[in-house]
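# Close look at the chain arrangement
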Amino acid sequence: MNQVKKADPNNRTVAENRKARFSYEVLDTIETGLVLTGTEVKSLRQGQANIQESYASAESGEIWLINSYLPEYLQANRFNHEPRRRRKLLVSKREMAKLAQSVERDGMTLVPLKIYFNDRGRAKLLLAIARGKKLHDKRETEKQRDWSREKGRLLKERG
């Protein structure tokens, strides 16, 4: 018999920064853990997080996620968290040194790409080491995207 695998409810994307790949040239990605409180995890499971304007920063031997928005969990009343607080990222010392070095020496930026739950139900953040694109690079990206759309339309018409 043919068994169909059900999608794991724990392994899903909660928040995605879609504009990051347009504004930045992604050079490398790293999966990091997040230090969260209980109400933050429950809020993430509801899927209302936003990381559009957020970034990561290496400060005093630690990496922090800054300006991410996790809305308050309504059922938590007075035990709630701050929606825009700084959250510590969990990475190994070697990865932390690599990230700090690339930011300081090479002028890169740490951009969060997405927050998701892995197979074990842990909240993870996909962090990118990226370089900001210039305006002409963004135009080139948009031109390539438009051409690929047009090419798909033409191929679909011709059969």
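Residues numbered from 1 in each chain as written. Predicted model: local features only at pLDDT ≥ 70, side-chain atom pairs only at ≥ 80, totals over all residues. Heavy atoms only, no water.

## A short note on the environment of V35
Within the secondary structure layout, V35 lies in the loop between β2 (24-34) and α2 (38-45). A relative accessible area of 36% places V35 in the partly exposed class. Every residue in contact with V35, bar those within four places of it in the chain, is listed here: E40, R85, R87, K88 and L90. (Helix = DSSP H or I, 4+ residues; strand = E, 2+ residues; numbered from the N terminus. Buried < 20%, exposed > 50% of the residue type's maximum accessible area, 1.4 Å probe, protein only. Contact = heavy atoms within 4.5 Å.)

## Observations regarding the pattern of salt bridges
Per the stated rule, a full pass over the model turns up 9 salt bridges. Across the pair E40 and R85 runs a salt bridge, and its minimum N-O distance is 2.8 Å. Taken together, the positions of E40 in helix α2 and R85 in the loop between β4 (62-66) and β5 (87-90) put the pair 45 residues apart, joining distant regions of the chain. For E40, a relative accessible area of 0% puts it in the buried group. With its nearest N and O atoms 3.2 Å apart, the salt bridge here joins K88 to E62. Of this pair, K88 sits in strand β5 while E62 sits in strand β4; the two residues are 26 residues apart in sequence, bridging distant segments of the chain. (Salt bridge = Lys/Arg side-chain N within 4 Å of Asp/Glu carboxyl O.)

## A look at helix α3 (residues 93-106)
Here α3 spans 19 Å end to end across 14 residues, near enough to the 20 Å set by a 1.5 Å rise per residue. Regarding α3, the residues found buried are M96, L99, A100 and S102. What you see down the axis of α3 is that its buried residues fit within an arc of 160°, all on one side. Exposed side chains of α3 directed beyond 90 degrees from the buried face belong to K93, R94 and R105. Along its buried surface, α3 packs onto β2, β3 (55-59), β4, β6 (109-117) and β7 (123-132). Note on α3: the residue one or two positions beyond its end, G107, has a positive phi of about 70°. (Expected span 1.5 Å × (residues − 1). Arc of directions from axis to C-beta.)

## A few points about the side chain of S54
Looking at the secondary structure, you find S54 in the loop between α2 and β3. Using a relative accessible area of 6% as the deciding quantity, one classes S54 as buried. Here the side chain of S54 touches I51 through a polar contact of 2.9 Å, landing on its backbone oxygen. In this view, S54 contacts L65, I66, N67, S68 and P112; residues no more than four positions away in its chain are not counted. (Polar contact = N/O pair within 3.5 Å; in protein donor to acceptor, adjacent residues only side chain to side chain.)

## Quick word on the side chain of S57
Following the sequence through the fold, S57 ends up in strand β3. The buried category is assigned to S57, whose relative accessible area is 17%. Side-chain polar atoms of S57 contact the side chain of E59, separated by 3.1 Å.

Read these as layout, nothing more, since geometry by itself doesn't imply function.
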